[in-house]
Amino acid sequence: MKKYLVTGSYGQIGVALIPAMIKKYGRENVIATGRKKPIPLFKELDVIYRRLDVRDQFGLRSLIVENDIDIIIHNASVLSATGEKNPQLAHSINFEGFYNVLEASRELKIEQLFTPSSIAAFGPTTPLVNTPNTTIMEPTSIYGISKVYIELMGNYYNLKYGLNFRALRYPGVLSPEEPGGGTTDYAIWIFYEALKNMKYTCFLGADVRLPMMMMSDCLKSTFDLIEADDAKLKHRSYNVTGMSFTPEELANAIRKYLPDFTIDYEPDFRNAIALSWPQSLDDSAAREEWGWEPELPFDKMVPAMLDGVSQRLGISYK
Ligand SMILES: NC(=O)c1ccc[n+]([C@@H]2O[C@H](COP(=O)([O-])OP(=O)(O)OC[C@H]3O[C@@H](n4cnc5c(N)ncnc54)[C@H](O)[C@@H]3O)[C@@H](O)[C@H]2O)c1
């Protein structure tokens, strides 16, 4: 069994990923890391947890050596909306932090470095409908620029040093957990506000279409790519998607379950970010090369999110 180290492990994705990894690979093979004390869920699950700021290259190397790590899943990042508020912080964590992980992976001969990229790696000059896997990438947010850097450096280390680097361009990831400061977060907060207050003020315009996927599909794509046969991979970074919708379409779908729900729109700086991102993704390269297929469509996502968020809030809506 391989040994895995996960950075940024208690974020929105980490809190779902770590339990799924423990189930799949065994508790003793998963080292979760993060900057703060372990969250209650990790204590409950008796997760092996170590403190790590990804900017600390010595701490990172010690953890890799001491735990004999084979595969790194690098999730630590400042997300898009938070990055625009503090580009200098985003630079230090997303660029320098990733460079530390990349260099440690090369020097310590890590078997595979997996990291999420994002639809934010695309920009206004990209064809935004059914965005191809290989296309123009001129993002205008610091977060998006960091994802292009990550993809290009990962590819370079693969060509130059043979590092087994793999990345997935996640769209907005939907789960009942509170999201970490991204532009697609509205599609999670809308469920919280619908269940608590029956109304939501959206920070994107009614017609802003973005690609998304449910957390179960995000984890599936992650495990599928990590486990894919290297000989089949013609790319190092892949588009993956599960669905695509606008705030208005989501509000209409929620009204089927909560007829009194209302939405209004007060677009802020995140609207401009969203308008520079793809509306939908072509994920045929992932489908052809390693058999990617999403399982949860839009009409099943809405009741799943209502169930998950109402459970977290302790509210019954049926
Ligand atoms: N959630 C999404 O919709 C989405 C979409 C596309 C890509 N992604 C990518 O997936 C990854 C995980 O995202 P998430 O949604 O869990 O984000 P999140 O913001 O919820 O979690 C990120 C984690 O990184 C940690 N972190 C920040 N700076 C750190 C540092 N210096 N050292 C160590 N840890 C640090 C944070 O504490 C947090 O736990 C990120 O790379 C993100 O870019 C997420």
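It should be emphasised that the depicted structure is a prediction, and the values quoted were computed from it without experimental measurement.

(A) Structural detail: empty space enclosed by the protein. By the definition in use, this model includes one cavity of 30 Å³ or more. Of the voids in this model, the largest cavity is the one considered here, and its volume is about 40 Å³. Examining the composition of the lining of the largest cavity, we find that three residues originate from one element, helix α6 (residues 142-161), more than from any other. Its residues assigned to classes, the lining of the largest cavity shows two nonpolar, five polar and one charged.

(B) Geometry of the side chain of Ser146. Along the chain, Ser146 turns up in helix α6. On the basis of relative accessibility, which here comes to 1%, the residue Ser146 falls in the buried class. Among the polar contacts made by the side chain of Ser146, one reaches the side chain of Asn94 at a distance of 3.3 Å. For Ser146, the side chain forms a polar contact with the main-chain oxygen of Tyr143, separated by 2.6 Å. Apart from the residues lying within four places of it in its own chain, the contact partners of Ser146 are Asn94 and Phe95.

(C) Quick look at the sheet that holds strand β7 (residues 172-174). As summarised here, the arrangement of the three strands in space is β7-β9-β11, forming an open sheet in which the pairing is mixed. The open sheet has two edge strands, β7 and β11 (243-245), and neither has a second partner. For this sheet, the mean inter-axis angle between neighbouring strands, taken without regard to orientation, is 40°. Its contacts with the sheet place helix α8 (residues 215-227) against β7 and β9 (210-214), and it is angled at close to 85° to β9.

(D) Here's a closer look at the nonpolar core. Grouped together as the largest cluster of nonpolar side chains are 40 residues, with contacts concentrated most on Leu174, Tyr186, Phe191, Leu250 and Met301. Listed by contribution, the elements that provide at least two residues to this core are α7 (186-197), β8 (199-202), β9, β11, α9 (247-255), α10 (269-275) and α12 (298-313). When residues in this core are grouped by element, the largest group, eight residues, is from α7. Formed jointly, this core draws a minimum of three residues from each of two domains, domain 1 (4-172 + 212-239) and domain 2 (176-211 + 243-279 + 297-313). With residues near it in sequence (within four places) discarded, Tyr186 still touches Tyr200, Cys202, Phe203, Leu204, Met212, Phe245, Thr246, Pro247 and Leu250. The next biggest cluster of nonpolar side chains, apart from the first, holds 36 residues, and it includes Ala16, Leu17, Tyr25 and Trp290.

(E) Expanded view of unusual backbone geometry. A positive phi angle, near 55°, is found at Lys109, a position not held by glycine. The phi torsion at Met198 lies on the positive side, around 65°, for a residue other than glycine. Judged by relative accessible area, Met198 falls into the partly exposed class, the value being 31%.

(F) Structural context of the site of the ligand. Inspection of the region around the ligand gives 26 residues, with Gln12, Ile13, Asp53, Tyr143 and Val173 positioned closest. One nitrogen or oxygen atom from the main chain of Gly11 is found 3.3 Å from an oxygen atom belonging to the ligand. Between an oxygen atom of the ligand and a main-chain N or O atom of Val173, the distance comes to 2.8 Å. Contact with the protein chains removes 92% of the 820 Å² of surface that the ligand exposes when unbound. With respect to the detected pockets, the ligand is housed in the largest pocket. Put simply, the parts of the chain that give the shell around the ligand at least two residues each are β5 (112-118), α6 and β7. The dominant element in the shell around the ligand, judged by the number of residues it contributes, is β5, at three residues. Looking at side-chain class alone, the shell around the ligand contains 12 nonpolar, 10 polar and four charged residues.

(G) Structural view of the pattern of salt bridges. Under the definition given, this model contains 16 salt bridges. Between Arg236 and Asp230 there is a salt bridge whose closest N-O contact spans 3.3 Å. Given the relative accessible area of 10%, Arg236 is considered buried. Counted as one network, the salt bridges with shared partners bring together Arg61, Glu103, Arg106 and Glu107.

(H) Seen up close, the layout of surface pockets. Of the pockets and cavities examined, the largest pocket occupies roughly 1100 Å³. As for the largest pocket, its lining consists of 48 residues, and the residues nearest its centre are Gly11, Gln12, Ser77, Leu79 and Gly180. Counting only elements with at least two residues in the lining of the largest pocket, the list comes to α1 (14-25), α4 (80-85), β5, α6 and β7. Taken together, the residues of the lining of the largest pocket sort by class into 20 nonpolar, 19 polar and nine charged. Both domain 1 (4-172 + 212-239) and domain 2 (176-211 + 243-279 + 297-313) contribute no fewer than three residues apiece to the lining of the largest pocket. Of the voids in this model, the second largest pocket is the one considered here, and its volume is about 240 Å³. The wall of the second largest pocket is formed by Asn133, Thr134, Thr135, Met137, Val148, Glu151, Leu152, Asn155, Arg169, His235, Arg236 and Ser237. Sort the elements by how many residues they give to the lining of the second largest pocket and α6 lands first, with four residues. When grouped by side-chain class, the residues that make up the lining of the second largest pocket number three nonpolar, six polar and three charged.

Conventions used here
- Residues numbered from 1 in each chain as written.
- Predicted model: local features only at pLDDT ≥ 70, side-chain atom pairs only at ≥ 80, totals over all residues.
- Heavy atoms only, no water.
- 1 Å grid on protein atoms, 1.4 Å probe; cavity = no way out; pocket = protein on both sides within 12 Å on 5 of 7 lines; lining within 4 Å.
- Points joined across faces, edges and corners; volume = space filled by probe spheres on them.
- Helix = DSSP H or I, 4+ residues; strand = E, 2+ residues; numbered from the N terminus.
- Nonpolar A, V, L, I, M, F, W, Y, C, P; charged D, E, K, R; others polar.
- Buried < 20%, exposed > 50% of the residue type's maximum accessible area, 1.4 Å probe, protein only.
- Polar contact = N/O pair within 3.5 Å; in protein donor to acceptor, adjacent residues only side chain to side chain.
- Contact = heavy atoms within 4.5 Å.
- Pairing = 2+ DSSP bridges.
- Axes fitted to C-alpha atoms, helices over the stretch in contact; angles between N-to-C directions.
- Core = buried A, V, L, I, M, F, W, Y, C linked by side-chain atoms within 4.5 Å.
- Domains from an automatic or database assignment.
- Near = heavy atom within 4 Å.
- Areas by Shrake-Rupley, 256 points an atom, 1.4 Å probe, with all protein chains shown as cover.
- Sits in = over half its atoms within 2 Å of the grid points.
- Salt bridge = Lys/Arg side-chain N within 4 Å of Asp/Glu carboxyl O.

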